[in-house]
Amino acid sequence: MSAALLAPGSAGAAGTDNDDAYRSLGKASHPDWMKDLANDTSLAALSLPGTHDTLALHGGAAVQTQENSGDSAKTLTAQLERGIRAIDIRVRVTENKYFTVHHGAIYQEANFDDVLSKAQAFLGQHKGETIVMRLKAECPIKGAGIVDCENDPKTVDQAKIESIFGEYVKKYPNLFYEASVKKGSQAAVPRLSQIRGKLVLGSFDSVGNAYGISSFNSNQEDHWAAPTVQKKWGYVKENVDRAVSGNKGELYVTYTSASKGLERLPFEYAAGYRQVQGGVTTDILGVNYQLMRYLNQGGANGGRVGIVMMDFPGWAPVQNIIDRNHDSIVKGGHQGIWLVNADKTYVNTKYNRCMVRGPEFDSSKTGGLVTQRQCQATAPSSHQWGAERPSSYDGKGYYWIKASNGKCLTVPYNEGTPPKAGTQLYWWGCETRWFSGNQLWNVIPTKVEAGGKSQSGYVFINNWTGLCLTVDPATASTAGGKVTQDVCPK
């Protein structure tokens, strides 16, 4: 049953045009979107919308990468309130003891204290959230070019950069996820329960692997000078697809950003542009729009896309990435969500009642009703069920739910007309004929809050009716009450 995700639930599509995908983060509508996710969710299982060069607001079109919502990291606060949970901060050593925020040689009117104080304020108000930060020492220690920044003084070395960072960690106690800023090794990928209310250092680039989270830079797409917008989109699509099929315990980070000096600017990769050649006008679609459209259409099989760092994101790709976390949302007890226990009992999470193979229709014992009763310490055979793939014909990926006597959980055939919601189910001999959709069930894992903790529950969707296995509310407290089909939980 733990591998029973046969058809991932599709997230709601968001956005239709380039105005939704580019430079339009909208209202502060997502300050607490992580609070409903299960505590035992791995950081690696999450899909996080992020910003590349988070505070690059000044220096002209060749340097700017984000919508400007104010200096001194006010832009960071605006992004966090709108759902961004991964940030990319580039720092320069100043006066041999501070970090200031730069993009190349251009100072971005913010310092590292601004970043940390704004992050701390946000997490203090939204304790269920976490922020993942990629930090980079922006200035080369040696051999700075004309577009590069230079540390102050120029003699700054890696040891000094690490020392200054250590002072910031001390200055903001309890802000950082401690394991990620412990010098000397990378931390294991944490669970959400470990990092709520914390700033997680994903990596500290340009200073080696002395900090951060294991695998943060292992599965990365960052072709920052891709020759064309379409080529860049191909790299992006490949990596978000890889996040679905790749190692579930590792992080995947995709940068949708790119630039080619003055030939092709960051906003053109993000938004697209109009090209005229030989009198023919062509609209080149931006990476942001293509990502939005791909996710809207269920791309990457509806699964996790990892951490996606964007230039000039609009509200729609942010929403689409957030929606990819639907499988980790904790749902309260519901009549259509069931626990499947080791003793083969199916327990309804709203009423805490066990599904039962009820009385036979007649002495032939060909079939009978499916009911519910109070669960027992030692489960009798009538309380036991199991999921099994049909073996004698093409079941198209669905399951039989079989009682201990080998009979199948069945929706009444109703002379070929799908019965309405609320119809009681029965057990019957498992069919192998062309029509058997009334005995086939799609099994969808979901997180559920039951017994005071997050647990793995299941939703059972009938192939024929599209309705879900439920307990009848009117008879829920009655021994022998009905087990029915009804509208599936959202």
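Below is a summary of the structure that appears in this document. Note that the structure is predicted; figures quoted are calculated from it, not measured.

## Thoughts on the pairing of strand β18 (residues 400-403)
Of the two faces of β18, the one holding Trp400 and Lys402 and the one holding Ile401 and Ala403 are both buried throughout. Pairing between strand β17 (residues 385-388) and β18: four bridges, direction antiparallel. Residue glycine 386 lies in a different strand from β18, and its bridge partner there is lysine 402.

## With respect to the state of the cysteines
For the structure on display, the rule yields four disulfides. Here cysteine 354 pairs with cysteine 375 through a disulfide, and the sulfurs are 2.0 Å apart. Every disulfide takes its handedness from the sign of the S-S torsion; for cysteine 354 and cysteine 375 that torsion is 110°, giving right-handed. Of this pair, cysteine 354 sits in strand β15 (residues 353-360) while cysteine 375 sits in the loop between β16 (367-374) and β17, and the two are 21 residues apart along the sequence. For cysteine 354, a relative accessible area of 1% puts it in the buried group. Among the residues examined, cysteine 375 registers a relative accessible area of 28% and is labelled partly exposed. In this model, cysteine 408 is linked to cysteine 430 through a disulfide, with the two sulfur atoms separated by 2.0 Å. Judged by the sign of its S-S torsion, about 95°, the bond between cysteine 408 and cysteine 430 is right-handed. Placement of cysteine 408 in strand β19 (residues 408-410) and of cysteine 430 in the loop between β20 (426-428) and β21 (441-450) is noted, with a sequence separation of 22 residues between them. Here the protein chain pairs its bonded cysteines, counted in sequence order, in the arrangement 1-2, 3-4, 5-6, 7-8.

## Digging into the pattern of salt bridges
One pass over the full model with this rule turns up 20 salt bridges. For arginine 134, the salt bridge is made with aspartate 88, and the minimal N-O distance between the two is 3.4 Å. Taken as a pair, arginine 134 in strand β5 (residues 131-137) and aspartate 88 in strand β2 (residues 86-94) lie far apart in primary sequence, 46 residues in all. Both residues of the pair, arginine 134 and aspartate 88, belong to the buried class. Here glutamate 150 makes a salt bridge to lysine 154, at a shortest N to O gap of 3.5 Å.

## Points about helix α3 (residues 112-125)
An α-helix turns once per 3.6 residues; consequently, residues spaced three or four apart project the same way. Helix length check: α3 (14 residues) gives 20 Å between terminal C-alpha atoms against 20 Å at 1.5 Å per residue, within 8%. Inspection of α3 places Phe112, Asp113, Asp114, Val115, Leu116, Ala119, Phe122 and Leu123 among the buried residues, and these make up the whole buried set.

Cut-off values and rules
Residues numbered from 1 in each chain as written. Predicted model: local features only at pLDDT ≥ 70, side-chain atom pairs only at ≥ 80, totals over all residues. Heavy atoms only, no water. Buried < 20%, exposed > 50% of the residue type's maximum accessible area, 1.4 Å probe, protein only. Helix = DSSP H or I, 4+ residues; strand = E, 2+ residues; numbered from the N terminus. Pairing = 2+ DSSP bridges. Disulfide = S-S within 2.5 Å. Salt bridge = Lys/Arg side-chain N within 4 Å of Asp/Glu carboxyl O. Expected span 1.5 Å × (residues − 1).

Limitation: the analysis is restricted to geometry and does not speak to function.
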